[in-house]
Amino acid sequence: MKNTLMRWKLPIVCLVWQLAMIILFGVFIRYDEESDAHWSVTRMSQNHSLLENQFYFRYPSFQDVHVMVFVGFGFLMTFLKRYGFGSVGFNFLIASFSIQWSLLMQGWFHSLDFSDGKIKIGLESLINADFCAASVLIAFGGVLGKVSPVQLLIMSLFQVTLYAVNEFIILDVLGAKDAGGAMVIHVLGAYFGLTVARVLYRPNLDQKKNESVYHSDLFSMIGTLYLWMFWPSFNSAISNNGDAQHRGVINTYCSLAASVLTAIAVSSLFEKKGKINMVHVQNGTLAGGVALGTAAEMMLTPYGSLIVGAISGTVSTLGFIFLSPLLEKYLKIQDTCGIHNLHGIPGVIGAIVGAVTAAAATEEVYSREGLKAAFGFEGRFADRTPSVQGGHQAAALCVTLLLSVGGGTIVGFILKLPFWGDPSDENCFEDDVYWEVPGEEEAALYSVHYVNSPPTKPAVNGDTQQ
Amino acid sequence: MKNTLMRWKLPIVCLVWQLAMIILFGVFIRYDEESDAHWSVTRMSQNHSLLENQFYFRYPSFQDVHVMVFVGFGFLMTFLKRYGFGSVGFNFLIASFSIQWSLLMQGWFHSLDFSDGKIKIGLESLINADFCAASVLIAFGGVLGKVSPVQLLIMSLFQVTLYAVNEFIILDVLGAKDAGGAMVIHVLGAYFGLTVARVLYRPNLDQKKNESVYHSDLFSMIGTLYLWMFWPSFNSAISNNGDAQHRGVINTYCSLAASVLTAIAVSSLFEKKGKINMVHVQNGTLAGGVALGTAAEMMLTPYGSLIVGAISGTVSTLGFIFLSPLLEKYLKIQDTCGIHNLHGIPGVIGAIVGAVTAAAATEEVYSREGLKAAFGFEGRFADRTPSVQGGHQAAALCVTLLLSVGGGTIVGFILKLPFWGDPSDENCFEDDVYWEVPGEEEAALYSVHYVNSPPTKPAVNGDTQQ
Amino acid sequence: MKNTLMRWKLPIVCLVWQLAMIILFGVFIRYDEESDAHWSVTRMSQNHSLLENQFYFRYPSFQDVHVMVFVGFGFLMTFLKRYGFGSVGFNFLIASFSIQWSLLMQGWFHSLDFSDGKIKIGLESLINADFCAASVLIAFGGVLGKVSPVQLLIMSLFQVTLYAVNEFIILDVLGAKDAGGAMVIHVLGAYFGLTVARVLYRPNLDQKKNESVYHSDLFSMIGTLYLWMFWPSFNSAISNNGDAQHRGVINTYCSLAASVLTAIAVSSLFEKKGKINMVHVQNGTLAGGVALGTAAEMMLTPYGSLIVGAISGTVSTLGFIFLSPLLEKYLKIQDTCGIHNLHGIPGVIGAIVGAVTAAAATEEVYSREGLKAAFGFEGRFADRTPSVQGGHQAAALCVTLLLSVGGGTIVGFILKLPFWGDPSDENCFEDDVYWEVPGEEEAALYSVHYVNSPPTKPAVNGDTQQ
């Protein structure tokens, strides 16, 4: 029997991680110019509007991303009938740690002010930190139910670092664009998570509780809908101000609508009575958002977005129906949430769509200055052409895949060490391992003796609770 | 026994509908000026702020409307104890189709650029598309539980067209104002839906599952609260920038607060022990939002808004208590969600309030230019006076009622055709017809053998699983 | 047996309260300049942007606060297994009344236009009204399950008045700053609520239903997450435009992240098997938001915020574990939701942090003008220094504590009068007293005979419902 007692392990890891964050924030993190108290004073002395603060450009989008990370992902994973606490609760825990660690890691790579050695943060930093947390949560979806919270915190520690390194290579070194993170968030999160899941393969995994019940499926739909509704914000949150943010919303909105129709169509088509499977509605409908993760801010056109969404919804749902069982049987990847179908394949699709859309960009469509602004053809990349950009987008995908699998392997073996308190094979997908679960009274709840005489319908079982 | 097998019908309809959308978007739909890549370049070259993009004026409101459509309506309808999947899932499906088809239909009427024959879309188009989807979902509420997803997609196809035609007549031809859609959304959706429900009347409808249980009522409150909280955005989302958006929020906020107090008061008053009925809290509290659908952006005054909200909450709740049973018994209208009480009557109230408030408008209150801006007294309508406007508002209500009932009759008979896979009378309000429903284990869930010794409370039933 | 029949009491109170609101709004409340129809006209005639309307600066923050009040608090309290309707429903009722009464009370103190004797309201008024409602809901959390809706409406009537008086004294007279209400909202709400709870002490309170079940804990997490995610908006919603709003978000975001790690750490540390307690996750994780209620807009620094959040999460959770039982046993305070641990102590921490941060403010950090703008060193307070400000912040805390306990005592005795229809000791925490509760069928729900053959898993109990 495994030792899953968290009484020292979990508190120590949490408190040490948090203390480290405090110390590192104290050494490195400061407000950027627009969140510093000098800002309004300077603006007003120059008679400039106080609205020209990135806060006003990006706060609505930031809030949506924040909801996706904490409610969207957290509730999406509550489909498991006995792991609702773990899904929402561990999601909450590792996201809260990841956003702090990301502010540092991404800060060192992107926001380091060399004049004083400090990381200057603002709202865009918070958005990027949430993005990084999202990637960790995607990986969490692959191992959901089979790991301890300590393993998750350790996975987060490494994955955030890997994320920051990959992001630096593909955005700064290769000069790729990926505003909605099809590569930096989804491909990385999925293939890292799948690799970790593979390393942690359990040949005798008891899957009896790896399923939903009626109400857990409804809780999960809360998650799905928040992810779906706010994905336009996610894909446009860090795009250039103005038309890029606006266009990112339009494109993603269209793509997601098409995913819904195709995911439901495919779900119905492959069930012998044509019944729709909730798992497909919970996941396949979101694929269009992932697949626009790179190209949303580009001039993809609304019909282009519909096409990408339709294909993604179809492929994603086919993945749930056919591919996941194969991955489990032949590659020994036990992917709890089917992250490969929602984030893996659609992430790759998104990277390809981005590469193609970039390569196909023309001055006619974007205008000369618009092309430069959209793809960052300035400074080091001033002589780039769209097809060169497309090539670099593709290279970025390859780098991400390599780093994901490589990093996932290393971290997987670290997590395999026997002292992190992971659950035994029979106790996976069970909240009672790490949580105080309320008593068995729920079934009895509805035969509680009422204050007044009970409704006229007869009690189903004769139990009464005094 | 009816044939409810969806295996070819549903996928084919979804895929054909989606393909049609792709083709039509390809032919017609393009980005408008503010979402096109040339925009920021032009703005910056003129040293103008990038904030002056309708994206920044309207995105927060748009996101709220989007949540109302997908979570608000979707979860409001989960009160049905065995139709949660259908409520949320079909809501998701038909809204996703409707927003696409609306972009085209409304685009042809409103956003056609005659210079190149393309429909130019931007954020305001997305808001209007969501508005149109809301109208479809209102009608869905009237037939909820009694139709197949194929019937719903067909109903959406026709209703979106009807919506666009009616909207064109009342806004463009008659020059009425209806920023929050008391007429174009609520009156149309309700009376169209009720007429369809009438045509599809089932004399032997088994209503045993047409009711809630404890947890489904709580899921439904999620829907209610999101509709309630975001209605200020809904009623102001397409109002003129500046004070009109601001005022629309204030008026709606006040009206809705008054609806809550009166709905609960009436609910308690008419129950013999004064107990509150959740159905009234789920619906009657929202009536004030509907009733401000036309006048929210007008100078209705905060106390005027409170009066309208108080009356609407009262009337709506009285409708649930007294009117719905009469409509069912004498007019054979089986209105599952009571859409007549929330959208029908309050929509008519809203239209009347709008007409009166318009007729009562003065230059003193609005300023001369303000009056023109508020009511569109320009171009073709330059010589209008407020009382003429009021008359046209009333005419708009009549047109909407006629089109709703007329269109509903036609569509009702189309839906009555016997090959759409609708459920039999005994299988209405049951998810198992169209959905793979998880097993019967939920009751047993709570007597699952725990990892550690169970809590000290005795098990209610002695069953253990495995 | 107590008379809990609400049939006349509740409707009369609701209707009289609502009528009073209508009359008082009619006499006093008008639109402010930015929500009046003259505004855009004037702006456009001067060629000024329509974006410079407080609506655009504050609407996203307002919507988040609104969600916190109605969904956040409402669902947080649904942890009670048989009081979900009361939690969400009474929250809805008293918040809807409180926001109306607050607009008047706060209006008389703050927004009275002496030229015409009217209260001019705008979006910031709505935010402040929601803030006041939040304070009432905090007190509600202390008496949850033990009072009738009539008592709650009466409590709201008095508490809103007390809130407005206290707010006027500490903000206007003492010149303290408290943008996120650590004092005006949290300290007041908590200590007022606890005092009322003390006066209403029930020595024979039957606490059997004062607990959660699996699904009610998940509903409660919806509330927790919305409070957590949107607290940055709450703490910055009425801060100065520009960097202050931006900084308030960053500080609160950091503080809350740290609360999560420490709350979970402490929860695990003090359970003999290290299992996490959902109550701690539902509440302790939010303490960092409360504790930044005063200082969020100040130059607290991100690491300062992390420290405050870490301490608050720890203290709050320790409160749930050790302090609440002591308060109940020795001080006879039956605090249903543990408001002392989430709003009381963290509110006091927040006030102290605010006082210290204010006292430590320097011109170097804020700039001279920035210091004046941040702390309102102008007009009557033009000669203030930071340490004087810090002293006044501390004084403000003392005033708030005194008014809370004093006001709570008086109101407690008013509520103790025997004709408000409160529940008997055996019927506390039971929805059936004031709500029509759906039948006992839920347990039977899942053995309903399916349309098609049931899934292959065996039925757990043999019941079938035809």
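Residue numbers run consecutively from 1 along every chain, following the written order of its sequence. Each chain takes a letter, starting from A, and each ligand takes a number, starting from 1, following the order in which they are written. With the structure being a predicted model, the display of local features is reserved for residues of pLDDT at least 70 and the display and counting of side-chain atom pairs for 80 or more, all residues being used for whole-chain, interface and lining totals. As a convention, hydrogens and water are excluded, and side-chain values are obtained from all of the structure's heavy atoms.

Caption draft 1: Local environment of the relation of the copies chain C and chain A. Least-squares fitting of one copy onto the other uses the C-alpha atoms of those residues that reach a pLDDT of at least 70 in both copies. With an axial shift of 0.0 Å and an RMSD of 0.0 Å, the rotation relating chain C to chain A amounts to 120°. The superposition operator between the copies reduces to a three-fold rotation axis.

Caption draft 2: Representation of the pairing of strand E3 (residues 118-121) of chain B in the model. Residue and element names in this part refer to chain B. Burial classes follow relative accessibility: with a 1.4 Å probe on protein chains only, a residue under 20% of its type's maximum area counts as buried, one over 50% as exposed, and anything between as partly exposed. Secondary structure counts use DSSP, requiring at least four H or I residues in a row for a helix and at least two E residues in a row for a strand, with both numbered from the N terminus. Here E3 shows a buried face lined by Ile119 and Ile121 and an unburied face lined by Lys118 and Lys120. Note on pairing: two strands pair once DSSP finds at least 2 bridges between them. By the bridge criterion, two bridges tie strand E2 (residues 112-113) to E3 in an arrangement that is antiparallel. By the bridge assignment, Leu112 is partnered in E3 with Ile119. The antiparallel pairing of E2 with E3 creates a hairpin that spans four residues between the two strands, and Gly117 there sits at a positive phi of about 70°.

Caption draft 3: Looking closely at the nonpolar core. In terms of nonpolar packing, the biggest core is built from 467 residues, with Tyr226 of chain A, Tyr226 of chain B together with Tyr226 of chain C touching the most fellow members. Any two residues whose heavy atoms approach within 4.5 Å are treated as being in contact. Other than its neighbours up to four places away in sequence, Tyr226 of chain C contacts Val67, Val71 and Tyr226 of chain A, Tyr226 of chain B together with Val67, Met68, Val71 and Gly72 of chain C. We define a nonpolar core as any set of buried Ala, Val, Leu, Ile, Met, Phe, Trp, Tyr and Cys residues linked to one another through side-chain atoms lying within 4.5 Å.

Caption draft 4: Seen up close, helix H3 (residues 54-76) of chain B. Residues and elements named next belong to chain B. Here a helix's expected span is defined as the number of its residues, less one, multiplied by 1.5 Å. With 23 residues, H3 extends 31 Å from end C-alpha to end C-alpha; this agrees with the ideal 33 Å at 1.5 Å per step. Axes are fitted to the seven residues ending at a residue and to the seven starting at it; the angle between these axes is taken as the bend at that residue. By the largest-angle criterion, Met68 marks the main kink of H3, which is about 35°. The buried count for H3 comes to 22 of 23 residues, which makes it a mostly enclosed element.

Caption draft 5: Here's a closer look at the side chain of His280 of chain C. Residue and element names in this part refer to chain C. One can find His280 in helix H10 (residues 278-283). Look at His280 and you get buried, because its relative accessible area is 5%. A polar contact of 2.7 Å, which involves the side chain of His280, links it to the side chain of Ser267. Beyond its immediate sequence surroundings of up to four residues, His280 is in contact with Ala263, Ser267, Thr285, Thr317, Phe320 and Ile321. Pairing of N or O atoms within 3.5 Å defines a polar contact, subject to two protein rules: one partner must be a possible hydrogen donor and the other a possible acceptor, and residues neighboring in sequence count only if both atoms are side-chain atoms.

Caption draft 6: Molecular detail of the interface of chain A and chain B. With 90 residues of chain A in contact, the opposing surface of chain B contributes 95 residues. Summed over both sides, the interface of chain A with chain B buries roughly 8400 Å², with 69% coming from carbon and sulfur. The term salt bridge refers to a side-chain nitrogen of Lys or Arg lying within 4 Å of a carboxyl oxygen of Asp or Glu. Applying the counting rule to chain A against chain B returns one salt bridge. Between Asp432 of chain B and Lys275 of chain A there is a salt bridge whose closest N-O contact spans 3.6 Å. At the boundary of chain A and chain B, one finds 28 residue pairs in polar contact (both at pLDDT 80 or more). With 18 residues, the single largest contributor to the side of chain A that touches chain B is helix H9 (residues 243-269) of chain A. What gets called buried area is simply the loss in accessible area from a 1.4 Å probe that two parts show on being joined, summed for both.

Caption draft 7: Molecular detail of the packing of helix H9 (residues 243-269) of chain B against helix H12 (residues 302-330) of chain B. Residues and elements named next belong to chain B. The interhelical angle for the contact between H9 and H12, taken along N-to-C directions, is 35°, at an axis separation of 7 Å. The two elements H9 and H12 meet at a crossing, and its hand is right-handed. Residues Asn251, Cys254, Ser255, Ala258, Ser259, Thr262, Ala263, Val266 and Ser267 of H9 pack against Pro302, Ser305, Leu306, Val308, Gly309, Ala310, Gly313, Thr314, Thr317, Leu318 and Ile321 of H12. Of the residues in the contact of H9 with H12, the class split is 10 nonpolar, 10 polar and no charged. Think of each axis as a best-fit line through the C-alpha atoms, taken over the contacting stretch in the case of a helix, with angles from 0 to 180 degrees between the N-to-C directions. Here is the rule for handedness: rotate from the far helix to the near one, and if that takes an anticlockwise turn smaller than a right angle the crossing is left-handed, while a clockwise turn gives right-handed. Only Asp, Glu, Lys and Arg are considered charged, only Ala, Val, Leu, Ile, Met, Phe, Trp, Tyr, Cys and Pro nonpolar, and every remaining residue, Gly among them, polar.

Caption draft 8: Representation of the sheet that holds strand E2 (residues 112-113) of chain C. Residue and element names in this part refer to chain C. Strand order in this open sheet of three strands is E1-E3-E2, and the pairing throughout is mixed. Each end of this open sheet is capped by a strand with a single partner; those strands are strand E1 (29-31) and E2. Against the sheet, helix H1 (residues 9-28) makes contact with E1 and strand E3 (118-121), and its axis sits at roughly 55° relative to E1, the strand it touches most.

Caption draft 9: Structural detail: the environment of Gly145 of chain A. Residues and elements named next belong to chain A. Note that Gly145 resides in the loop between helix H5 (123-143) and helix H6 (149-173). Taking relative accessible area as the criterion, Gly145 reaches 2% and is therefore assigned buried. C-alpha separation for the pair Gly145 and Met77, spaced 68 residues apart in sequence, amounts to 9.9 Å. In this view, Gly145 contacts Tyr83, Pro423, Cys428 and Phe429; residues no more than four positions away in its chain are not counted.

Caption draft 10: Looking closely at the sheet that holds strand E1 (residues 29-31) of chain B. Spatially, the three strands line up as an open sheet ordered E1-E3-E2 (chain B), and their pairing is mixed. At either end of the open sheet lies a strand with only one pairing partner, and these are E1 and E2 of chain B.

Caption draft 11: View of the UniProt feature "domain: Ammonium transporter AmtB-like" (unreviewed entry) in chain A. UniProt positions are given in the numbering used here, feature names are shortened, and annotations may be inferred rather than shown by experiment. UniProt records the feature "domain: Ammonium transporter AmtB-like" (unreviewed entry) at residues 52-417 of chain A, using the numbering of this structure. Segment residues 52-417 of chain A splits into 73% helix and 2% strand. End C-alpha atoms: 51 Å apart.

Caption draft 12: Broad picture of the packing of H3 of chain B against helix H5 (residues 123-143) of chain B. Residues and elements named next belong to chain B. At a minimum axis separation of 9 Å, H3 and H5 run at an interaxial angle of 20°. The orientation of H3 with respect to H5, classified from their angle, is roughly parallel. Crossing geometry of H3 relative to H5 is assigned as left-handed. Contacts from Gln54, Phe55, Arg58, Tyr59, Phe62, Val65, His66, Val69 and Phe73 of H3 reach H5 at Leu123, Glu124, Leu126, Ile127, Asp130, Phe131, Ala133, Ala134, Leu137 and Ile138. Residue composition of the contact of H3 with H5, by class: 14 nonpolar, two polar and three charged. Every angle not falling under 35 degrees, over 145, or within 65 to 115 is termed oblique; those three ranges are roughly parallel, roughly antiparallel and roughly perpendicular.

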